[in-house]
Structure formats: C-alpha cells, structure tokens
Amino acid sequence: MKILFFITLLANLFFFFWQYNEGGFDKPNSSQIAQVENQSKQIQLLAEVEQIPSNNLTVTANLNPPVQTIASAQTGNNIEHPVFKAPVPKPAPVVVPLKKQCYQIGHFATPADADNWLKQQAGLYSAARKLSKNKVIGVSYQVYYPAAARLEQSRKNLQIAKSLGVREVFLIKEKPFLGDLSFGIFTEQDRALTTQRSLRAKQIYAYLRKIPKTGSLIYLRLKSEKTKSQLAPSLTSYQPKLTIETVAKCH
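Since the model is a prediction, treat every value here as computed from it, not as a measurement.

1. So, the packing of aromatic side chains
Logical step 1: Counted according to the given criterion, the structure contains four aromatic pairs.
Logical step 2: Seen from their ring centres, W117 and Y125 are 5.6 Å apart, and the 40° between their planes marks the pair as tilted.
Logical step 3: Using a relative accessible area of 2% as the deciding quantity, one classes W117 as buried.
Logical step 4: One aromatic cluster is present, formed by F108, W117, Y125 and Y238 through successive ring pairs.
Logical step 5: Above the face of the Y144 ring, R209 is positioned so that its terminal group lies 3.8 Å from the ring centre.
Logical step 6: A cation sits over an aromatic face here: R209 above F177, 3.7 Å from the ring centre.

Next up, the structure:
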C-alpha cells in the first residue's frame, strides 16, 4: 500500500509541474477576453447565409429589434387604441318640412278668371278656394237738394223745380235719403259740378255728395311654402294687378 501511495503522489507532483511550465496557472489578458466576447456575439443566421456568397458566411446579427412605425401600426387592426378607433358616424340631419302659409289673392273679375290664373302658376299654390266679397269698387257723385221737414213739402219742391225748367229731377222715396230731390248721379265729378252750377243759375242751390259703388269681387284663398316677396312675380302678369295678403285660415 505504501508503494501505491508514493506512486500516486509522484504522479500528482509531475502533473503540477507540467501545468506550471505550460502556463496553465497564468491570468488571461484583456485582449484575449475581448476576442472571446466578439466571437461569442458573431451569429450565423440561416436566412442570411442563403443570401450572401459562400466564401463569407459569417455575419453580425442586429441585436436591436426593428421599431414599428406609426404608418405600419395603422395598417393593423388596432381598433382598441384611442388614436385608431373608428370614427363615430354623425347622425343624419332631421329634415323639417316647410310650413305652408295661407294667403288671399285677388280680386278677379269672374270665377273663370280666377281658375285660369291658378292653372298658370305651376304648383306655386295648393288648397285653393274661391270666395266672393262685396267691396267698394268706385264712387259716384249725386247732385241733390235736401228733404224738407215734411214729405208733403218735398213734393211741392219737386213741382217748383220742374216749373223752372229742370227735367232730370225726381223725389227719393227710400231711406236713408227719403224726401231728397235728386238731379242725377254721375260717374265723373266734373259732370256733377257742371249740373250743380246750372241749377244755381236757376236759383236752385243743390248739393253734391259721394255715393260708394259696391260690387261682388272674386278672391282666392290658397296655401304656399313661399313668402309674399317670393310670390310677388306671379301676381304682376295679371291685369288689373292682383294684391296678396296673409290670412289666418284658408277654409
């Protein structure tokens, strides 16, 4: 056993001195460490090996991952991020129908004139209704002598006027001018004044009064979405000129 122990001891001593002589216990220098680190960072990528010449197969990998740009991010289906959410559609505008206004247009000479005019308006109006109104359409001039206190005296005045050579004279027997002597009704004021002067020449001091002339006029009540100023051109083509006024109801 002692012989085996000494043999093992001598072998260990021999191995120690051999490693010492070979430099196995020396510290590695910095250049060697850098070379090892550089070699450890050099990686061969299979995709790159296929693209480069066969005589230079060693490439350096890009350790920094590619940065995704905004443009590439927008091409994805990123709808959860607040920047790339789909826009909310705007509500459709509410269309409010225009309110139709009721107008009264006139006057027309006859109902047929009103119908013909309405046919020419090309849909400007609707819900048309004809109506007739009695209105003052002019004035007449009457030459008269006032009634006496009693109707019997007015009859005597009538006889006196005739005796003076007046032919156009008569006694009014109806109210409101009961008892007056009328010397004529004239449409022109000048003719009435001429008659008045001729009576004064015969010592009959007659008076002059206006009598309104009324007539039945035809009007149309109809509806339109347009204003009065917008409808004005449709009224000028009719003669005599039509008038338009706003009314509360068409019926």
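Still to come is the rest of the account.
2. Description of the state of the cysteines
Logical step 1: Scanning all chains against the criterion turns up one disulfide.
Logical step 2: In this model C102 forms its disulfide with C250; the gap between the sulfur atoms is 1.8 Å. Given an S-S torsion of about 130°, the disulfide between C102 and C250 has right-handed geometry. A residue pair is termed long-range when its members are at least 10 positions apart, and C102 in strand β1 (residues 101-108) and C250 in the segment after β6 (243-246) qualify at 148 residues.

Reading guide: rules and limits
Residues numbered from 1 in each chain as written. Predicted model: local features only at pLDDT ≥ 70, side-chain atom pairs only at ≥ 80, totals over all residues. Heavy atoms only, no water. Phe/Tyr/Trp six-rings, centres within 6.5 Å; stacked < 30°, edge-to-face > 60°. Buried < 20%, exposed > 50% of the residue type's maximum accessible area, 1.4 Å probe, protein only. Lys NZ or Arg CZ within 6 Å of the ring centre and 35° of its normal. Disulfide = S-S within 2.5 Å. Helix = DSSP H or I, 4+ residues; strand = E, 2+ residues; numbered from the N terminus.

That is the geometry; function is a separate question.
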